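# Overview (structure and organization)
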Amino acid sequence: MLLDGASALYGSDAVGGVVNIILNSRFEGAESRVRIGGTSDGGANETLLSHSAGFNWSTGGVLAAYEYHDRGELRAADRRATANADLRSLGGSDRRNFYASPGNIMEFDPSNGSFEPTYAVPTGQSGVSLTAGDFRPGEVNRTNFMEGLWTLPHQRRHSLFVAGRQDLAGGFSLDGDLRYTDRKFHQNSVADIGILPVTADNPFFVPINGEGYQEIAYSFINDLGNGRDEGSSRSLGGALGIEGELRGWNVSAYLSGGRETTGMTASNRVHSGRLYEALGFFPDDPETAFNPAIDGFFNPYGAPAVQSRALLDFIGAGYFRSKNTSSVGSFNVKADGTLLSLPGGDLRVAVGLDYRQEVFETGGESFMSAETPNVATPDRYERDVSAAFFELRAPIIGPDNARPGIERLELSLAGRIEDHQGVGRTSNPKVGILYKPTQDLLLRASYGTSFRAPSLQQLNSLYRLGPVFLDRAGNNVISIVQYGGNPDLTPETAESWTTGFVWSPAAFVGLRIEAGWFRTRFEDRISTPVAENLINALNDPTLAPFIRYVAPGSSAEDRAYVQSLLDHPGNYNPNVFPATAYGAVIDNRFVNAAVVKVEGLDLAVRYRFGWASGDVDLDASVTHLLANTRVSTETSPIEDLRGLANFPASWRGRFGGQWTRGPLTIGGALNHVSGGRGQNTGRGVDDWITLDGQVRYDFVSGWGEGLSLTLNVLNLTNEEPPFYDAPAGIAYDAANTNVLGRQISLQLVKRW
């Protein structure tokens, strides 16, 4: 694990550190694993089944493993923090919106470009035989948009791994692996909402002040229920390589490749064109089997109204599908060995070349407003990436020339040049030093630059846009939000500094203390800054560069601009409002948006000793952020993100221990996540402290030989996350805490 930038060694994406996962390719025998678990408050039940088998011979071996994992959904209604967007009972705000069932009569205010509720549709009636006096002026109906929602989806995963190796003549060996994963999920999403245009052509229309047209803010929760999202991800990858020794140098060459296809379908969505036909706002389409004069007009005034099955099936036929495929193929050659001998040891160097081809394919289909499904033109994007790198380690002082105060002194230098087709060329160095003044103490420091090229998906994802109501100083402004890729992205870069020490005192056998300081400065950070605060985007001064305010009612230029966005084929709901009703256009696409500075301290302590005829292992780790600031654009103010909800906590720590005596192991851990302050309000958020526990028994003889049973409990005391009055209508900080509660699992492992 490398905690600092490592692009000098690993290239793009190693901007914030690297975790190397080394798969086991040498295994003899077989191992079966079964795990079942769930939560004490219900939901998120899981089942895991896996089996591994390996066989070795004198010159090689083969390993195969399969795993099945099923995790059930977690429903929002099963937790206090997610059951209701009205958070007042928990000490927060009423986050429900005015898209309701029954709905609200809206009125457009051209002076500030906002829509405001003026009348509430009466409750407790079917929407038939209403009079103007039944509507409630000055009141607002609100609906809990968390109703029926799933916090976590239900997902199933199948994974297969096969690896093999074979020694060859001349000291070389051949090895390869194959990996396959198939994952599917489904979940209930938020029910559709919208502004419904109603005229006298609808038989249920009731004028309040003699008007001939009304706009009703409406939720379809009681008509269609929740939206339905289903998705899948299939990936296949593999590698084949040869390595050995040639003239005293270790050499290797590898071919690798992979392909991942992801798809998502959002269904049970309102088809706006069909809805307008059912409302009588559009004339009957003779090309469809539905006829409102026969099958019934949609009644937007009920609480709820009785709608025919044919009508609901007709308007709820909307859907959106997307499919993306990412492929990569690479060839790598590397050599490492001793360049020359120094008084402190061998000067070792590694050099290598990489070539990679990336392909991104995208496509989709939507049936949300047009008479026929809109099939997106399949697009294919590809690029070549080539790189050359080296790493050098120079031991200045080593065992042969150590002296008092300098047991070890080693310098390292690495560099990489990488060329991304269509993005540009970059070079990144890294230097490091290791200094050991005594046998017990090791000091280290490093400096390096890193970069992350925008992915093909970030550059070329399907462009989509649509309307949303956003608050601006208390007014509800209709805004167009843009989503998708950005072909103008440039690489994200970073500078990293680290220093630290490792102390293993001989006087305390089994004790190891490791501490470090880190500082990283990111430039041109690739992100979607608006998404972090979309609900309050129009009131957030740091997001001003991504917002264009428009006045299409008085400006011909603005009207033409808004109309062009409404006419774009990527607009999934273009007919809700006329062009003159919009007040803002928001860019929520990927952008090079920020300069981010992160600085902090890490501390890890481990101590092992004997006690009560057994062994005790204690470990503690703490991370403290000294700074976490962001400047979204050159003209934006500096934002202090340290301790802010939905950003990394200022303090995070874990203290654990376990005692092992023979086949029995008992362990536990105390976890701490510091609180902070809520976004927009500054209201404090409390710390979150949880306790985990584990008991394991390993059978070493008899009928259970090779069998291991483990009972694991996370959040033993079932602590709820600290309250946070989140604008999204949930009562916790989803980035630093969770609502799972106590999680209990029982695992059986059998070694054959």
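Residues numbered from 1 in each chain as written. Predicted model: local features only at pLDDT ≥ 70, side-chain atom pairs only at ≥ 80, totals over all residues. Heavy atoms only, no water.

### Examining the overall build of the chain
Test applied: Secondary structure elements are taken from DSSP: a helix is a run of H or I of four residues or more, a strand is a run of E of two residues or more, and numbering for both begins at the N terminus. Per-residue accessibility, obtained with a 1.4 Å probe over protein chains only, is compared with the maximum for each type, and a residue is labelled buried under 20%, exposed over 50%, and partly exposed between these values. Note on areas: these come from Shrake-Rupley sampling with a 1.4 Å probe, and a residue is covered only by the protein chains present in the view. In this charge count, Lys and Arg are treated as positive and Asp and Glu as negative; neither His nor the chain ends contribute. Charged side chains are reduced to one point each, which is NZ for Lys, CZ for Arg, CG for Asp and CD for Glu.
Scanning the chain from terminus to terminus reveals seven helices and 37 strands. In terms of overall dimensions, the chain has a C-alpha envelope of 100 × 60 × 50 Å along the principal axes. Counting the 752 residues in the chain, one finds 45% classified as buried. If you sum the accessible surface of the chain, you get close to 35800 Å²; carbon and sulfur atoms cover 56% of it. Taking the average place of the 64 positive charges on the side chains of the chain and the average place of its 85 negative ones, the gap between the two points comes to 7 Å.

### Digging into the pattern of salt bridges
Rules: Salt bridges, as used here, are contacts in which a Lys or Arg side-chain nitrogen is within 4 Å of a carboxyl oxygen on Asp or Glu.
On inspection of all chains with the given rule, the structure shows 44 salt bridges. Put simply, D94 and R88 hold a salt bridge, and the shortest N to O gap is 3.6 Å. Between R452 and E492 there is a salt bridge, and its shortest N-O distance comes to 3.0 Å. On the criterion of sequence distance, the pair formed by R452 in strand 21 (residues 441–452) and E492 in strand 24 (residues 492–503) is long-range, its members being 40 residues apart. Of the residues examined, E492 reaches a relative accessible area of 1% and is grouped as buried. The network of salt bridges with shared partners includes D86, R88, D94 and R96.

### Considering unusual backbone geometry
Here the amide bond leading from S101 into P102 is cis, since omega sits at 5°, within 30 degrees of zero. With respect to the element layout, P102 can be found in the loop between helix 2 (80–83) and strand 5 (104–109). The residue after A303, namely P304, is reached through a cis peptide bond having omega -5°. Structurally, P304 can be placed in the loop between helix 4 (292–295) and helix 5 (309–315). If you check the backbone angles, A612 has positive phi at about 50° while not being a glycine. Along the chain, A612 turns up in the loop between strand 28 (591–611) and strand 29 (614–631). In this model, N646 sits at a positive phi of 75°, which is unusual for a non-glycine residue. Structurally, N646 can be placed in the loop between strand 30 (639–640) and strand 31 (651–661).

### Details of helix 3 (residues 272–279)
Formally: Residue contacts are defined here by distance: any two heavy atoms, one from each residue, within 4.5 Å place the two residues in contact.
Burial runs high along helix 3: seven of the eight residues are buried. The secondary structure elements touched by the buried residues of helix 3 are strand 11 (193–199), helix 4 and helix 5. Note on helix 3: the residue one or two positions beyond its end, G280, has a positive phi of about 85°.

### Things to note about the pairing of strand 18 (residues 379–397)
Threshold: At least two bridges found by DSSP between two strands are what make those strands a pair.
Examined bridge by bridge, strand 16 (residues 345–367) and strand 18 share 15 bridges and lie antiparallel to one another. What sits directly across from G352, in strand 18, is F389.

### A short note on the nonpolar core
Test applied: By nonpolar core is meant a set of buried Ala, Val, Leu, Ile, Met, Phe, Trp, Tyr and Cys residues that side-chain atoms within 4.5 Å join together.
Ranked by internal contacts, the top residues of the largest apolar core, which has 47 residues, are F135, F220, L275, F298, Y301, I315 and F577. Core analysis: the next-biggest nonpolar cluster, separate from the first, contains 18 residues, M146, V685, F723 and V739 among them.

### Some details on the environment of R472
Note on placement: R472 falls in strand 22 (residues 464–472). In this structure R472 comes out as partly exposed when scored by relative accessible area, which is 37%. Setting aside anything within four residues of it in sequence, one finds R472 in contact with V477, L538, N539 and Y549.

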